[in-house]
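Observations on chain architecture
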Amino acid sequence: MVPRDLAGAARCHGVSGWVRKRARSTGWRVDGVEDDVRATSARHQRAMWDLGVIDGALGSANVPYIVVKGPVLAEAYHDHPQLRSYLDLDVVVRPTDLRGAILALEAKGLDVLDVNWPLLQRQGVHELRLSTPTGGLLDLHWSLLPGIHNGRSPDVETLLERADWLRLGDLLVAVLDWADTAVHVASHAAASGGDRLIWCADLLAEAARVSRRIDSDQEGCGTWESTTRPRRRTGRCG
């Protein structure tokens, strides 16, 4: 018997894709889940399109950036993008590049939605929200500290220096390395309340990915440090 309002609970926790996967394996029918999964797929496709616009804008302005959460988790950490619902894109730039990044993004049709700088500074917020021409949202960060937080976080320059690279569609983008990803996913979940199952799924997926890589290294396939990757590269790949 399907629990009452399972679809609503799954939507709240961001795990509609997981519920559909389980329901299909057991023969259950869960009303509402299919619509939620289709919406997840549509948002992911829009985000990938928006990321191409963002990459072009920041690349033309020579602003290096890192993509975090959202499409990175959906494409690299979960078995299928439908299993990782997200609403917006998160991109990190150096504080010194913030002005240039905003001007470049505005030139490509993005609009800054957060305009109350005194309020952002009082609240310790290190990100600006922009709308994309497709109706999507971009959170532009210049630090990975959660809001209203007096802790420490590596500066963006350091994160860029040790970034890994991931192919997302036609793009090769910088992403946090495995250790920074684990810390960021955990700290973001904790700062946000830690009350959604999708964040637990992210941590499990991160742990599994690290375990597979460690096993591979022990079999003589190299180390994290020796992984060959380009540095500071942005732009489309053929």
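A few points on the structure.

Definitions and limits used
- Residues numbered from 1 in each chain as written.
- Predicted model: local features only at pLDDT ≥ 70, side-chain atom pairs only at ≥ 80, totals over all residues.
- Heavy atoms only, no water.
- Helix = DSSP H or I, 4+ residues; strand = E, 2+ residues; numbered from the N terminus.
- Contact = heavy atoms within 4.5 Å.
- Buried < 20%, exposed > 50% of the residue type's maximum accessible area, 1.4 Å probe, protein only.
- Pairing = 2+ DSSP bridges.
- Phe/Tyr/Trp six-rings, centres within 6.5 Å; stacked < 30°, edge-to-face > 60°.
- Lys NZ or Arg CZ within 6 Å of the ring centre and 35° of its normal.
- Salt bridge = Lys/Arg side-chain N within 4 Å of Asp/Glu carboxyl O.
- Arc of directions from axis to C-beta.
- Expected span 1.5 Å × (residues − 1).
- Core = buried A, V, L, I, M, F, W, Y, C linked by side-chain atoms within 4.5 Å.

Looking at the overall build of the protein chain
Across its full length, the protein chain carries nine helices and seven strands. In the protein chain, the proportion of contacts linking residues at least 24 apart, taken out of those at least 6 apart, comes to 64%.

Overview of the pairing of strand E7 (residues 171–175)
Counting buried positions along E7 yields five of five residues, so the element is predominantly enclosed. Burial along E7 is two-sided: Leu-171, Val-173 and Val-175 and Leu-172 and Ala-174, pointing in opposite directions, are all buried. Bridge count between strand E6 (residues 164–168) and E7: five bridges; the pairing is antiparallel. Bridging from a neighbouring strand, Leu-166 pairs with Val-173 of E7. Between E6 and E7, which pair antiparallel one after the other, the connecting turn spans two residues, and Gly-169 there sits at a positive phi close to 65°.

As for the packing of aromatic side chains
Inspection of the entire model under this criterion finds one aromatic pair. We note Arg-196 situated over the ring of Trp-199; from NZ or CZ to the ring centre the distance is 5.5 Å. The positively charged end of Arg-209 is found above the aromatic ring belonging to Tyr-77, 4.6 Å away from the centroid.

A few points about the pattern of salt bridges
Any two side chains of opposite charge can pair, given that their charged atoms come close. Following the criterion strictly, the structure yields 13 salt bridges and no others. Glu-34 is the partner of Arg-20 in a salt bridge, and the nearest nitrogen-oxygen pair spans 3.1 Å. Taken together, the residues span a long stretch of sequence, with Arg-20 in helix H2 (residues 16–26) and Glu-34 in helix H3 (residues 33–60) at a distance of 14 residues. When its relative accessible area of 14% is taken as the criterion, Arg-20 is described as buried. Here Glu-34 falls in the partly exposed class, since its relative accessible area comes to 30%.

Section: unusual backbone geometry
With glycine set apart, most residues show a phi of negative sign, and most peptide bonds adopt trans. Although it is not a glycine, Asn-62 sits at a positive phi angle of roughly 55°. In this fold, Asn-62 is placed in the loop between H3 and strand E1 (66–68). Residue Asn-62 is classed as exposed on the basis of its relative accessible area of 66%. Look at Lys-69: it is not a glycine, yet its phi comes out positive at around 55°. Inspection of the secondary structure puts Lys-69 in the loop between E1 and helix H4 (70–77).

So, helix H5 (residues 98–107)
Listed as buried for H5 are Leu-98, Ala-101, Ile-102, Ala-104 and Leu-105. Down the axis of H5, the sector holding all buried residues measures 165°, keeping them to one side. In this structure, H5 carries Arg-99 and Ala-107 as exposed residues pointing more than 90 degrees from its buried face. Packed against the buried residues of H5 are H3, strand E3 (111–112), helix H6 (117–122), strand E4 (127–131) and strand E5 (137–141). Immediately downstream of H5, the backbone of Gly-109 shows phi near 100°, a positive value.

What to know about H3
For H3, which comprises 28 residues, the first-to-last C-alpha distance of 41 Å matches the rise-based estimate of 40 Å (1.5 Å per residue) to within 8%. Directly after H3, the chain includes Asn-62, whose backbone phi takes a positive value near 55°.

Overview of the pairing of E5
Of all five residues in E5, four are buried; the element is thus mostly enclosed. Two strands pair when backbone bridges link them, and strand E2 (residues 89–92) and E5 are joined in this way by four bridges, in the parallel orientation. What sits directly across from Leu-89, in E5, is Leu-138. The pairing of E4 with E5 spans five bridges and is classified as antiparallel.

Description of the nonpolar core
In this structure, Leu-58, Val-91, Val-93, Leu-105 and Leu-140 are the most contacted members of the largest nonpolar core, which totals 37 residues. Elements that contribute at least two residues to this core include exactly H3, H4, E2, H5, E4, E5, E6 and E7. In terms of residues, this core owes the most to one element, H3, which gives six residues. Not counting the four nearest positions on each side in its chain, Leu-140 is found in contact with Val-91, Val-93, Leu-98, Ala-101, Ile-102, Leu-105, His-126, Glu-127, Leu-128 and Leu-130.

Quick notes on the environment of Ile-66
Following the sequence through the fold, Ile-66 ends up in strand E1. By relative accessible area, which is 0% here, Ile-66 ends up buried. Remark: the alpha-carbon pair of Ile-66 and Val-93, spanning 27 residues in sequence, is separated by 6.8 Å. Discounting chain neighbours no more than four positions away, the residues touching Ile-66 are Asp-90, Val-91, Val-92, Leu-159, Leu-160, Ala-174, Val-175 and Leu-176.

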